[in-house]
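# What the coordinates show
Each chain, written out:
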Amino acid sequence: MHEGDKPPLQGLPSSDGMMTVGEVDHARNGFDPTAILTDWDTGTVGRLPDGQLLREYNIVAVDKEIEIAPGIFFPAWTYNGRVPGPSLRAMEGDRIRIHFTNHGSHPHTIHFHGIHPARMDGIPGVGQVEPGESFTYEFDAHPFGCHLYHCHSVPLKRHIHKGLYGAFIVDPDPNRHPEHADVARSRLLGSEENQRWQEFVMVMNGFDTNFDEENEVYAVNTVTHAYANHPIRIERARPVRIYLVNITEFDPVNSLHLHANFFDYYDHGTTLTPTLHTVDTIMQCQAQRGILEFTFADHEPGLYMFHAHQSEFVELGWMGFFEVVE
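Here is a short report on the structure shown in this document. (Residues numbered from 1 in each chain as written. Predicted model: local features only at pLDDT ≥ 70, side-chain atom pairs only at ≥ 80, totals over all residues. Heavy atoms only, no water.)

## Considering the nonpolar core
Counting 31 residues, the largest nonpolar core has M202, I232, F263, F294, W318 and F322 as the members making the most contacts within it. If we ignore the near neighbours within four places in the chain, the residues touching M202 are L37, V220, N221, I232, I242, Y243, L244, V245, L256, F306 and F322. M120, A141, L164 and V170 belong to the second largest nonpolar core, which has 25 residues in total. (Core = buried A, V, L, I, M, F, W, Y, C linked by side-chain atoms within 4.5 Å. Buried < 20%, exposed > 50% of the residue type's maximum accessible area, 1.4 Å probe, protein only. Contact = heavy atoms within 4.5 Å.)

Shown next as structure tokens:
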């Protein structure tokens, strides 16, 4: 080190001034980015008279101030008090029933990316909910893949960038895909094949803190540099699967770059064979999403960076580490 140099963060490679300073109060926020990585909401499970599996979810829209960077607060609109909203997960063919109540200050909807009847589309005039009112969305979960949901009230860019969005994961039914049954079982939450995987959901987002339609803060799962300050622990011998969603407003694309490794990519997660093999960077426009699969089995333990490959995004919050351990 030379005179005047800043010391590196304890236990982490030197950030050279490219990180926010301090910690966000996750308890005050009511959600923790580390927990968001893996806290799948599989709903309350029941059966319809014909035997079809039913999953019921409760989602409430509420206005809430959240801390997105140390000392920086954002007047968010939220699903269930968090940004992103709960990560909903089901299996292909399940009946989905979402009880939505709007306790916010503006009309809101939930629009799901997937296949559903027109009357369940969650747009103005079709499933829009006024403050103090409720609506129930119901449809069958398909196709399988990595999807999302978001508010579709107008102005759309305001309702999205204020925080009304979340991941919607539909696992493939192995019985419907006998030609790729092993792969389908590996994605089916709770199966023996799935348990060997380390799965995480990452929602890339940005925040316009002064409402000039340009983002001042970028993150994965809302809090700047959350996974730099608290790296994501990876067991070296087990494969990794990331459900990646881009919901960044005011920028045409966002991206993820993985250091010292490569991954296979499944665009929208709707295939059981990769759409891209052996890449280390993926770009997504808003609402695009996909599944990344990779392994650190041949790597030495240590900290491996991942980040957006737009340098501005990195410096404004979108960077983290995987901590690979034995």
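Once the structure has been displayed, the description carries forward.
## Some thoughts on the packing of aromatic side chains
Going through the model one piece at a time under the given rule, you end up with 18 aromatic pairs. Arranged with centres 6.3 Å apart and planes meeting at 90°, the rings of F139 and F168 form a pair that is edge-to-face. Note that F139 is positioned in strand 8 (residues 134-140) and F168 in strand 10 (residues 165-171), a separation of 29 residues in sequence. Exposure class is identical for F139 and F168. Each is buried. When the centroid spacing of 5.8 Å and the interplanar angle of 55° are considered together, the rings of F294 and F322 count as tilted. Of this pair, F294 sits in strand 19 (residues 289-294) while F322 sits in strand 21 (residues 319-325); the two residues are 28 residues apart in sequence, bridging distant segments of the chain. For the pair F294 and F322, one class covers both residues: buried. Taken together, the ring pairs in this structure connect Y79, F100, F112, F135, Y137, F139, Y149 and F168 into an aromatic cluster. Sitting over the ring of W40, R89 keeps its end group 4.6 Å from the ring centre. Just above the ring of Y266 sits the side chain of R187; from NZ or CZ to the centre is 4.9 Å. (Phe/Tyr/Trp six-rings, centres within 6.5 Å; stacked < 30°, edge-to-face > 60°. Helix = DSSP H or I, 4+ residues; strand = E, 2+ residues; numbered from the N terminus. Lys NZ or Arg CZ within 6 Å of the ring centre and 35° of its normal.)

On their own, these measurements won't tell you what the molecule is for.
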